[in-house]
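So the chains spell out like this:
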Amino acid sequence: MKPAVFNYLRPESVEEALRLLSDYGDDAKVLSGGQSLIPVLNMRLSTPEYLIDIGKVEELNYIREEGDHLAIGALVRHKDIESSPLVKELCPLLEEAIRWVGTTQIRNRGTVGGSIAHGDPSAELPCVLAALRGEIVVASMEGEEVLSPEEFFLTYMLTSLQPDQMIKEIRFPIMSKESASSFVEVARTHGDFALAEAAVVLETDETGTVTKAQIAVGGVNPTPTVLEEVEEHIIGKKLTDELLAEVREMTEDNVDPESDLHGTDEYRRELVGVLVQRALKTAVARVMKGDGQHE
Ligand SMILES: Cc1cc2nc3c(=O)[nH]c(=O)nc-3n(C[C@H](O)[C@H](O)[C@H](O)COP(=O)(O)OP(=O)(O)OC[C@H]3O[C@@H](n4cnc5c(N)ncnc54)[C@H](O)[C@@H]3O)c2cc1C
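These figures come from a predicted structure and were not determined experimentally.

Caption draft 1: Focus on the packing of aromatic side chains. Under the defined criterion, the tally for this structure stands at two aromatic pairs. Relative to Tyr50, the ring of Tyr24 lies with its centre 4.1 Å away and its plane at 25 degrees, an arrangement referred to as stacked. A residue pair is termed long-range when its members are at least 10 positions apart, and Tyr24 in helix H1 (residues 14-24) and Tyr50 in strand S3 (residues 50-53) qualify at 26 residues. Between Phe152 and Phe153 the ring centres are 5.2 Å apart and the planes differ by 85 degrees, which places this aromatic pair in the edge-to-face class. The pair formed by Phe152 and Phe153 is uniform in burial state, with each residue classed as buried. Taking the ring centre of Tyr62 as reference, the NZ or CZ of Arg64 above it sits at 3.8 Å.

In structure tokens:
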């Protein structure tokens, strides 16, 4: 199918884009990499009167170190994250996760802002953002708001974005040199959305006792989910087999997946428990090796 007729608008600055959103927001959609929106338009699941293509808004295309976080402009493409030395050095969890997003072709076009705005709970970036306690900068003609993932992701593919708002920047906290991370997922084939996924950042002392833990899962609840209870439970302990068994049980208790064509709720629940165990084991091995976050 082809999309319904629309008016195509191509702003060249954030200000122009925001003015267009203020004028036409109720009848408009922002077009970024088009990897999710174009199929939706082609299937006529959405028929906006205006498409506001932000592809030429170069001021949204940057990866910068700013204080305690990496500031990534909404228009940065997945492939630029994959190849960024700054991301590799300061936020290796993001670098590891981005390789799971779609195929090379998708990563060449898809953007960070688009991925977050789409609000798919199986997508990798929302899960990473939740684990790291990152932030989303949303702008309109009225000004800017900085939102946590909990404030931004409301439910399955629904975010707090208002018709006159757009995402300007995503802030990924810089990981400490003492930490290590791990991102794991299971998908039907590499490049598909995750059936379940887990993102972990850990710090331990020299004996392997956990001193800091950040854990999030995706694909198993309507929004990416931080496992606070599990984080608190493992602090001050070593990741023994007994503790990992408890972690698995607690993870399963904190998710409420749905069955679909690709897997039952039961399967997803068990899967995510195992993935959290795996991510923790990998992260702790990486910390103990003391050679950074990656093998
Ligand atoms: C075959 C296939 C496999 C894929 N696999 C994966 C996968 O494994 N993991 C994964 O995470 N993604 C996957 N994707 C999606 C891909 O990552 C998209 O790039 C991403 O979801 C959307 O980014 P985009 O830039 O293409 O956004 P678009 O498609 O342009 O937009 C998506 C939505 O976000 C809105 N939007 C875009 N930018 C902004 C902004 N700055 N402010 C406000 N709203 C905005 C649009 O209006 C639209 O509603 C896949 C896509 C395909 C086609």
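From this point, the narrative continues.
Caption draft 2: Just the pattern of salt bridges, in detail. Enumeration according to the criterion identifies 17 salt bridges in this entry. Taking the shortest distance from any N to any O, the salt bridge between Arg188 and Asp192 comes out at 3.0 Å. Two residues, Asp260 and Arg268, come together in a salt bridge whose shortest N-O distance is 3.1 Å. Assessed through its relative accessible area of 38%, Asp260 is described here as partly exposed. According to the relative accessible area criterion, Arg268 is buried, its value standing at 5%. Taken together, the salt bridges that share partners define one network made up of Glu82, Lys88, Glu95, Arg99 and Arg107.

Caption draft 3: Layout of the sheet that holds S3. Read across the sheet, three strands follow the order S1-S3-S2 without closing on themselves; strand pairing throughout is parallel. Only two strands of the sheet have a single partner each, and these edge strands are strand S1 (7-9) and strand S2 (28-31). Pairs of neighbouring strands in the sheet enclose a mean axial angle of 25 degrees, with direction left out of account. As paired strands, S2 and S3 are joined by four bridges and run parallel to one another. Paired with Val30 across the two strands is Ile52, which belongs to S3. Each of S1, S2 and S3 is contacted by H1, which is oriented at about 165 degrees to S3, the strand it contacts most.

The rules we used
- Here the residue index of a chain counts from 1 through its sequence in written order.
- At least 70 in pLDDT is required for a residue's local features to be given in this predicted model, at least 80 for side-chain atom pairs to be given and counted, and no such filter applies to totals for whole chains, interfaces and linings, which use all residues.
- Water and hydrogen atoms were dropped before computing side-chain values, which therefore reflect all heavy atoms in the structure.
- Within 6.5 Å between ring centres, the rings of Phe, Tyr and Trp (the latter by its six-membered ring) count as paired, and their orientation is classed by plane angle as stacked under 30 degrees, edge-to-face over 60, tilted in between.
- Helix and strand assignments follow DSSP, with helices taken as H or I runs no shorter than four residues and strands as E runs no shorter than two, numbered in order from the N terminus.
- Exposure classes here rest on a 1.4 Å probe applied to the protein chains alone. A residue is buried below 20% of its type maximum, exposed above 50%, and partly exposed in between.
- We call a charge positioned over a ring when the NZ of a Lys or the CZ of an Arg lies within 6 Å of the ring centre and within 35 degrees of the ring normal.
- Any Lys or Arg side-chain nitrogen found within 4 Å of a carboxyl oxygen on Asp or Glu counts as a salt bridge.
- Two strands pair under a simple rule: DSSP has to find at least two bridges between them.
- Note on geometry: axes are lines fitted to C-alpha atoms, helical ones only across the stretch in contact, with angles between N-to-C directions running from 0 to 180 degrees.
- Any two residues having at least one pair of non-hydrogen atoms within 4.5 Å are treated as being in contact.

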